[in-house]
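What follows is each chain in one-letter form.
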Amino acid sequence: MTAQTLPTSVLPTRPAVPIKTPVFLSVIAVLVLVGFGLLGSSEAAHFRLSSAGDAFELPTLVFPGQATNLVIGVLLAAGAVYSWVRRRQGLATERWIVIVFAVLFVLSFLVWVVSGANVTTISLASLLAGAVVLAVPLVFGSLSGVLCERSGVVNIAIEGQLLAGAFTAAIVASTTGNVFAGLVAAGVAGALVSLILALFSIKYLVNQIIVGVVLNVLVSGVTGFLFTTVMQRDPELFNSPGRLPIIEIPGLSAIPVIGPILFKQSVVGYLMYIAVFLVWFGLYKTRWGLRVRAVGEHPKAADTLGIKVNVMRFWNVTLGGIVAGIGGSFFTLVAIDSFTKEISGGRGFIALAAVIFGRWNPIGAFMAALLFGFADNLQVTLTIIGTPVPSQFMAMMPYLVTIFAVAGLVGRSRGPAAVGEPYTKE
């Protein structure tokens, strides 16, 4: 019997493509075309690519406000129409379309706010370099999440690990007079928080999400109490850690744009790049990584091959805590030279979103964390120069980007199959 003679009810049907992406792209296109283009300022926006002290100077980029956004709006509208056509054909929108949309929208938004600001010139080089700096704790937190969840354990406690690392780094560096001792102590503090998570969720089979939430509250309460009762009573002794030095690589640090990003960082900044590479290499290029991914995808099959599932999970969670703790030291040893209550400011939860947005891949999580860091630095920069956007909205920008990235762009991303499921031998 041929396909032509089969009843319609038994013919294979292609699954319906979700309407979310075409609608989302259409809304963005209309916003840019009308809000940023037709109603935007005609003033030009200037973006400097070079900073003082660079080895050579790059030309300043100039974008006529209204004209640029009208062109971008037309391009985005064409992309939205293409997305609708793809859906009508039963095909999903390619990822590169979404990426191009995101880049063009960010450019359009920048041109719109800068052209309508009191100061129509900003340093793009400083904006990007600052974004990388602000993304450092997010990258460490997201790497912690990748290490834990790839092995099958949900790590909601990233916020607590960052906060514990920040507090311990401050108090140890203050009492010893050595910032590097504080850096090491931060990793130990993160590991201790992770040991509690591993103990209750792996050994005693307590719900992993509940344990993570409780740990966040516990660390917040303990650090807040010790800050009030110990640090504030004698800040010179207990809350004056100093700062890690900024290390400039001669010659390379003077390259415009990329020099400050790659070759002018603190020790924690350089450790960030090393950690991203090591986690990626370990997970995808070593036998250890293969076992970790097997434990997170199919623990029973891994067990039959002789892999100690819970032991592997235990040590991975601990390693993730060390990574997050080192990231927490950024707050007190790099950003500022003291500890304050809730200094992590919810960045552990943004790091968790970066894990999801990056599809549980170290490189993807790194790029997602950079996106959130860019949004964070952008709201600071644009608030300073004075923009037509209310300051309250600018303060919400990093969190809005997080919501849109996870809910609007990721779609049906699938995490490790066994994540969140405790394993016991039958």
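What you see is a predicted model; the values in this text were computed from it and never measured.

Calculation criteria
In every chain, residue numbers begin from 1 and rise along the written sequence. Two thresholds apply to this predicted model, a pLDDT of at least 70 for residue-level local features and 80 or more for giving and counting side-chain atom pairs, whereas whole-chain, interface and lining totals are computed over all residues. To get the side-chain values, take all heavy atoms of the structure and skip hydrogens and water. To count toward a patch, a residue needs a relative accessible area above 30% and no salt bridge. Like charges then connect within 9 Å, nonpolar side chains (Val, Leu, Ile, Met, Phe, Trp, Tyr) within 5 Å. Areas reported as accessible are Shrake-Rupley estimates using a 1.4 Å probe. Residue values count occlusion only from the protein chains shown. Salt bridges are defined by distance alone: a side-chain nitrogen of Lys or Arg within 4 Å of a carboxyl oxygen of Asp or Glu. Labels follow the DSSP assignment, with helices taken as runs of H or I lasting at least four residues and strands as runs of E lasting at least two, numbered in each case from the N terminus. Each pair of strands is called paired provided DSSP finds at least two bridges between the two strands. The axes are straight lines fitted to the C-alpha atoms, using for helices just the contacting stretch, and the angles between their N-to-C directions are given from 0 to 180°. Lining residues are those with an atom within 4 Å of a point, where the points come from a 1 Å grid over the protein atoms alone and group into cavities, where a 1.4 Å probe fits but cannot get out, or pockets, open sets with protein on both sides within 12 Å along at least five of seven lines. Grid points are joined across faces, edges and corners, and a volume is the space filled by probe spheres set on the points. Residues are grouped as follows: Ala, Val, Leu, Ile, Met, Phe, Trp, Tyr, Cys and Pro are nonpolar; Asp, Glu, Lys and Arg are charged; all remaining types, including Gly, are polar. For each domain, the first and last residues come from an automatic or database assignment. Every angle not falling under 35 degrees, over 145, or within 65 to 115 is termed oblique; those three ranges are roughly parallel, roughly antiparallel and roughly perpendicular. Here is the rule for handedness: rotate from the far helix to the near one, and if that takes an anticlockwise turn smaller than a right angle the crossing is left-handed, while a clockwise turn gives right-handed. Throughout, a residue-residue contact means that at least one pair of heavy atoms, one from each residue, lies within 4.5 Å.

(A) Broad picture of a nonpolar patch on the surface. Residues Ile196, Leu199, Phe200, Tyr204 and Val206 make up a contiguous nonpolar surface patch of about 410 Å² in total accessible area. Along the chain, leucine 199 turns up in helix H6 (residues 179-203).

(B) Molecular detail of the sheet that holds strand E2 (residues 61-64). Strands sit in the order E2-E1-E3 across an open sheet of 3 strands; the sheet is mixed. In the strand order of this sheet, the two ends are held by E2 and strand E3 (121-123), each with one partner. For this sheet, the mean inter-axis angle between neighbouring strands, taken without regard to orientation, is 20°. In this structure, strand E1 (residues 44-48) lies alongside E2, joined through 4 bridges in antiparallel fashion. By the bridge assignment for E2, phenylalanine 47 is matched with leucine 61.

(C) Region of the structure containing the layout of surface pockets. Roughly 440 Å³ of internal volume is contained in the second largest pocket. Around the second largest pocket, the lining is made up of 24 residues, and of these Ala129, Gly130, Val133, Pro260 and Lys264 lie nearest the centre. For the lining of the second largest pocket, the element with the most residues is helix H4 (residues 124-150), which contributes 7 residues. Each residue belonging to the lining of the second largest pocket can be placed in one class, and the counts come to 12 nonpolar, 9 polar and 3 charged. A domain split of the lining of the second largest pocket shows at least three residues from each of domain 1 (19-116) and domain 2 (126-386).

(D) Geometry of the packing of helix H5 (residues 158-176) against helix H13 (residues 309-335). Where H5 meets H13, the closest approach of the two axes is 6 Å, and the angle between their N-to-C directions is 55°. Comparing their axes, H13 and H5 come out oblique. Between H5 and H13 lies a crossing of right-handed hand. Of H13, the residues touching H5 (which contributes Gln161, Leu162, Gly165, Ala166, Ala169, Ala170 and Ala173) are Gly320, Gly321, Ala324, Gly325, Gly327, Gly328, Ser329, Phe331, Thr332 and Leu333.

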